[in-house]
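# Structural overview
Spelled out, the chains give:
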Amino acid sequence: MNDQLNNKSLIQCSNVNVFYADQQALFDINLDIRENEVTSLIGPSGCGKSTFLRCINRMNDVIDICKVEGSISIDNQNIYDPEVDVVELRSRIGMVFQKPNPFPKSVYDNVAYGPKLHGRILHQEDLDRKVQESLERAGLWSEVKDRLHEPGTSLSGGQQQRLCIARAIAIDPSVILMDEPCSALDPIATAKIEELIDELKSKYTITIVTHSMQQAARVSQRTAFFHLGKLIEVGDTEKIFRSPEHEQTEAYVTGRYG
Amino acid sequence: MSSNNFKKRHRAEKRFKAYGLISLVTAAIMLIVIIGSMIYKSIPAFTNYTLDLEVNMVSQSLDTDIEEINYRGIVRDSFFSLFPEVQDRSEKRKLSKLISSSAGYSLRDFIIENPTYGNKKFYFSVLFTDDSDLFYKGYVDVYLPEDERRLDNQEIFWLTKLQSRGRVESKISRNLFLNGDSREPEVAGFYGATIGSLITIFVTLVLSFPIGVITAIYLENFAIKNRITDFIEVNINNLAAVPSIIFGLLGLAVFINFFGMPRSVPLVGGLVLSLMTLPTIIITTRSSLQSVPPSIREAALAMGASEMQVVFQHLLPAALPGIFTGAIIGLARAFGESAPLLLIGMVAFIVDIPASINDPATALPVQIYLWADSPERAFVAKTSAATLILIGLLIVINLVAVILRKRYEVKW
């Protein structure tokens, strides 16, 4: 427990407010996310946890009516600074979505997409190695090594989601954001992904939005509870689930609410 | 009670299926009738009766320039020699009208190509005029009173006599496939109009496809949504519903009168048809871009792709089948369009085969209109034949659309 507490915080969010047109979705969020840890964001539907996650790689920029205030710093750099290049920012952050969304290309091309896109790997052998390494790290290599050139969309749901994780880690991100990555998967596929998340945290900082409290308890070291756009409580997962400070948190984690 | 309800629902379903089947069969029968009658009517257009004529070039002096020889006279003399009993001048004139006035020209072309025949006696096949041709094909009712027929008894006697000598032969009409328009039905062909149509549609494709697709991409993915873009959008949708003749008027006023471009040329035709096709291409491209799942866009953006990379690496390839289909539907519509072309002068009588976007030309639909309007009976068959070719080309265009769609289809 102690060494985890010593982990320095990689992402600092202060006074983050998010508006969709006139409606405010997030209120004054102050949250630090520590390096090489899994932080889970929990809360009832519509509480703003996904919105918050999408602020970290500025995916909300895509939505015209969405406006973000406050500051989010990664490695002490405010990513909402006008000088920040969003494309460069996103090349350092991997994201995994609720529904597996591989590109309609081969398994190989899905994983090779990021490295090729950012021009980081120039030689074919290096690219082959990178693809293999990413697929191995995503626990998918043994299953797909003979079908690298089949379309990624032909894999099963759980495999597709692991392919998306492999695609995300192929660009060597420092942060991986996961937006309910298991909600479309069966329990066995979910167990595999959870195992994977546990392995990945040694190398990456992971933030995961989940609806499953068991999942949050299983995979994360820290948990943040959101309710109606506000961050109610954040702390070590054990503490949040055993002895939360706020009544609302307790009601939610014990299943009396939401 | 409830079982009654089920019966009723099943009956309703059966009725609906029956309605569907009836409409389908009706549509199919109509299509078969139209195409069938077109084929039936066009049959006479594909053949032409010819006369094997012995032409005598021996008397021609070797010094005469082969371009200067009186070929028409030679053909006429050879023809008259088949009827030594006809001596009267006015009868001779009548006799000479049985064979096509093009005979002299085709002999000339033949001699220029084969100069060795320039002083020989040989058999050369010449076309009959449309009226004689129709007589041989059985379209002249000899039991009608003489003054109600295109051919009088004397002419019919001559034609029958020729046939009894075994000099008359039915051949595939090469003119139909290889010639431009002509006042003489036996010479007229749709090759000129087909080439004119293809050049025009090429200009339309080159202009409207890139402009339409780029406009659609810009409006869909890059343009800021405000009143101006809303206004443009509404107008594009309205333009798609504007009658095509309006675009012809616009082309006449802007391209020909204002910019001083030439009349009757495929360039202007292509410009006008591009204006007409653009809204269709823009609308279909936008809707195919919209139909790409948003999750793909999000995945690419989150990987750090720029907006342009998202468009060109993901949205466009996935939308391509839809874009091709839309573009080809638009082009097929333009291909069958005649009204705007009438206004910019592509309805002129043009004999030469166009070779560039700046040569006077006409288009297939306009050629059909011109022939349908001609009084000569032989043009009825030509009209049907040209219509068949137009339909055939449209089927080919649609086949290309289907092939492209299958080829680029993305499976999710």
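Residues numbered from 1 in each chain as written. Chains lettered and ligands numbered in written order. Predicted model: local features only at pLDDT ≥ 70, side-chain atom pairs only at ≥ 80, totals over all residues. Heavy atoms only, no water.

Now for the pattern of salt bridges. This model, assessed by the stated rule, comprises 24 salt bridges over all chains. In this structure, Asp133(B) and Lys137(B) form a salt bridge, with 2.6 Å as the shortest nitrogen-oxygen distance. Measuring nitrogen to oxygen at the nearest pair gives 2.8 Å for the salt bridge that ties Glu307(B) to Arg297(B). In this pair, Glu307(B) is assigned in helix α13 (residues 307–335) and Arg297(B) in helix α12 (residues 294–302), connecting sequence segments 10 residues apart. On the accessibility criterion, Glu307(B) (24% relative accessible area) is partly exposed. Ionic contacts of the salt-bridge type, sharing partners, join the residues Lys130(A), Glu133(A), Arg137(A) and Asp172(A) into one network. (Salt bridge = Lys/Arg side-chain N within 4 Å of Asp/Glu carboxyl O. Helix = DSSP H or I, 4+ residues; strand = E, 2+ residues; numbered from the N terminus. Buried < 20%, exposed > 50% of the residue type's maximum accessible area, 1.4 Å probe, protein only.)

Moving on: a nonpolar patch on the surface. On the surface, a nonpolar cluster with roughly 490 Å² of combined accessible area is contributed by Leu21(B), Leu24(B), Val25(B), Ile29(B) and Val33(B). With respect to the helices, strands and loops of the structure, Val33(B) is situated in helix α1 (residues 2–42). (Patch = residues over 30% accessible without salt bridge, like charges linked within 9 Å, V, L, I, M, F, W, Y side chains within 5 Å. Areas by Shrake-Rupley, 256 points an atom, 1.4 Å probe, with all protein chains shown as cover.)

This part takes up unusual backbone geometry. Within the chain, Asp28(A) stands out as a residue other than glycine whose phi angle is a positive 40°. Here Asp28(A) is to be found in strand β2 (residues 23–34). Looking at Asp28(A), the relative accessible area reads 46%, which means it is partly exposed. Positive phi is not limited to glycine here, since Ser264(B) has a value of about 60°. Note that Ser264(B) resides in the loop between α10 (244–258) and α11 (266–290).

Moving on, we come to a positive patch on the surface. The grouping of Lys7(B), Lys8(B), Arg11(B) and Arg15(B) at the surface amounts to a positive patch. Among the secondary structure elements, Lys7(B) is positioned in helix α1. (Lys, Arg positive; Asp, Glu negative; His and termini not counted. Charge placed at Lys NZ, Arg CZ, Asp CG, Glu CD.)

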